[in-house]
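# Notes for the structure review
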Amino acid sequence: MAEWMTSLYNNSQALDAAREALLKNNSQHIQLRDALRPAIWKKWWATLRHTPWEKKYIPDLFSYSVAPIPEDMQQFFQSPSFLERLSRITGQAIKKVHLQLLAFAHQDYTLLHDELQQPQGILFFLELTQHWKPSWGGYTSFVHNEEELIRLYPVPNSLTIIHQEKNVHYFVKYVNYYAGNNTRIFLLGQC
Amino acid sequence: MTLAYWINPVYLKDNTLMQQFVSNTPFPHIVLPRFFVDKKIQPVSAALLKQEWQEKESDLFQFQQTFDLKTTEHAALQEFYAFFSSKEFIQWIAALTKTKLKQSIDMSGFIYNATDYLLPHDDQLEERKIAYVLNLSSEFSKKDGGELEFFNTQKKHPSQSVKRIQPLFNTLVLFEVSPKSFHQVLEVTTDKQRVSIGGWFHG
């Protein structure tokens, strides 16, 4: 499984450097760029094109689409080698992750709502979006007491790891019409 | 009489307004086109654009807003605020909406530019009884977005949008604030500005 990630993240020194960066960062997140090897990235993209997406819409809570997670993606993110890397970076023993494959197109969003409790812990976003501009919206915003702590714009093939603390919640900003037919797709992992 | 000085006389003679308000679906509301006398509303519209505007953004919305217009320094807006918050007008609104109202309102100006929006919510907050929006932008057509949309409700959540109101100049929309009053403003998809004055009558 190790060969799925870019060589940088197969190196224990690099993982320790990532861990250090995560600890230093007050907002408790780190973004690893060019996370997957290009061949893997392309392969997953080809798979996603044929994925049956299902719309989820409760107007005062969210609007987005979900899809079943391809078998090989599931295997990779539950593999000991990935979980070990994640544990090394976060300093927490991670045994299992809950995965969701999500797509946000024009008019999609999520809202912060008392009903949607977000557990604290480690989260990661593997950005499977091909191309994105900040002016389209669709970014992930982490807030605490109505104050924005982190704003994560979709960066293709990035893996963002976040330590979500108590009373920190996130939402995906409304995707506006400038996005046209572009869709933000990411794999969300909760540990 | 002050009401006649401000309001289109058609509405002062119409004794079916209350019946319309309570029976409209998916929750009590009424849409009143050409509501104010033209020569009164034109200066209000012009003065509003001279106000100071603040960018507002959250998970739920993105638009520009003024401070509460209670503190406006523009004469036309001061006059408008004085009428809108007057005992006479509030009594007229209370009768139309069959709602007990206090002598207290909120009022601010809103501008929605391209990509601005307000997502579905019910407006509920203590004191807010009747919500109002007075549209002040002209030349908005269907393809421009910016419509006010009402939802019906299922299991305490909005389910489907069942009514769309185009933002036409000098149209006043009133609706009852309740656990059912889910509404949104559709994203503006034009470079024209959607301008309005909105707020709540308190009870």
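Residues numbered from 1 in each chain as written. Chains lettered and ligands numbered in written order. Predicted model: local features only at pLDDT ≥ 70, side-chain atom pairs only at ≥ 80, totals over all residues. Heavy atoms only, no water.

Turning to the interface of chain B and chain A, a few remarks are in order. Facing 20 residues of chain B, the contacting portion of chain A comprises 19 residues. Where chain B abuts chain A, roughly 1,500 Å² becomes buried across the two surfaces, and 58% of that area is made up of carbon and sulfur atoms. Across the pair E57 of chain B and K173 of chain A runs a salt bridge whose closest N-O atoms are separated by 2.9 Å. Seen at the junction of chain B and chain A, the total is 9 residue pairs in polar contact (both at pLDDT 80 or more). Elements supplying a minimum of two residues to the side of chain B that touches chain A: β3 (61–65), β5 (117–121) and β8 (157–165) of chain B. A breakdown of the residues in the side of chain B that touches chain A according to their chemical character gives 10 nonpolar, 7 polar and 3 charged. (Contact = heavy atoms within 4.5 Å. Buried area = accessible area lost by both parts, 1.4 Å probe. Salt bridge = Lys/Arg side-chain N within 4 Å of Asp/Glu carboxyl O. Polar contact = N/O pair within 3.5 Å; in protein donor to acceptor, adjacent residues only side chain to side chain. Helix = DSSP H or I, 4+ residues; strand = E, 2+ residues; numbered from the N terminus. Nonpolar A, V, L, I, M, F, W, Y, C, P; charged D, E, K, R; others polar.)

A separate point is the packing of aromatic side chains. All names here are of chain B. Taken as a whole and assessed by the stated rule, the structure comprises 43 aromatic pairs over all chains. Ring geometry for F89 versus W92: centroids 6.1 Å apart, planes at 15 degrees, classification stacked. On the criterion of helical spacing, the pair formed by F89 and W92 is a turn pair, its members being 3 residues apart in helix α6 (residues 87–97). The same class applies to F89 and to W92, which are both buried. Three or more aromatic residues joined by ring pairs form one cluster here, namely W6, Y11, F35, F36, F80, F83, F84, F89, W92, Y132 and F201. Note that K40 overlies the ring of W6, its terminal NZ or CZ placed 4.5 Å from the centroid. Just above the ring of W200 sits the side chain of R128; from NZ or CZ to the centre is 3.4 Å. (Phe/Tyr/Trp six-rings, centres within 6.5 Å; stacked < 30°, edge-to-face > 60°. Buried < 20%, exposed > 50% of the residue type's maximum accessible area, 1.4 Å probe, protein only. Lys NZ or Arg CZ within 6 Å of the ring centre and 35° of its normal.)

Turning to the pairing of strand β9 (residues 159–164) of chain A, a few remarks are in order. All names here are of chain A. Taken across its 6 residues, β9 has 5 buried, putting it largely inside the fold. By the bridge criterion, 4 bridges tie strand β1 (residues 29–32) to β9 in an arrangement that is antiparallel. The residue bridging I30 from the neighbouring strand is I161, located in β9. As defined by bridge partners, strand β6 (residues 121–127) adjoins β9 across 6 bridges and the pair is classed as antiparallel. (Pairing = 2+ DSSP bridges.)

Residues and elements named next belong to chain A. When you line up the elements, H50 lands in the loop between α2 (38–49) and β2 (54–58). Residue classification places H50 among the exposed positions, given a relative accessible area of 70%. Taking C-alpha positions, H50 is 29 Å from S141, a pair spaced 91 residues apart along the chain.

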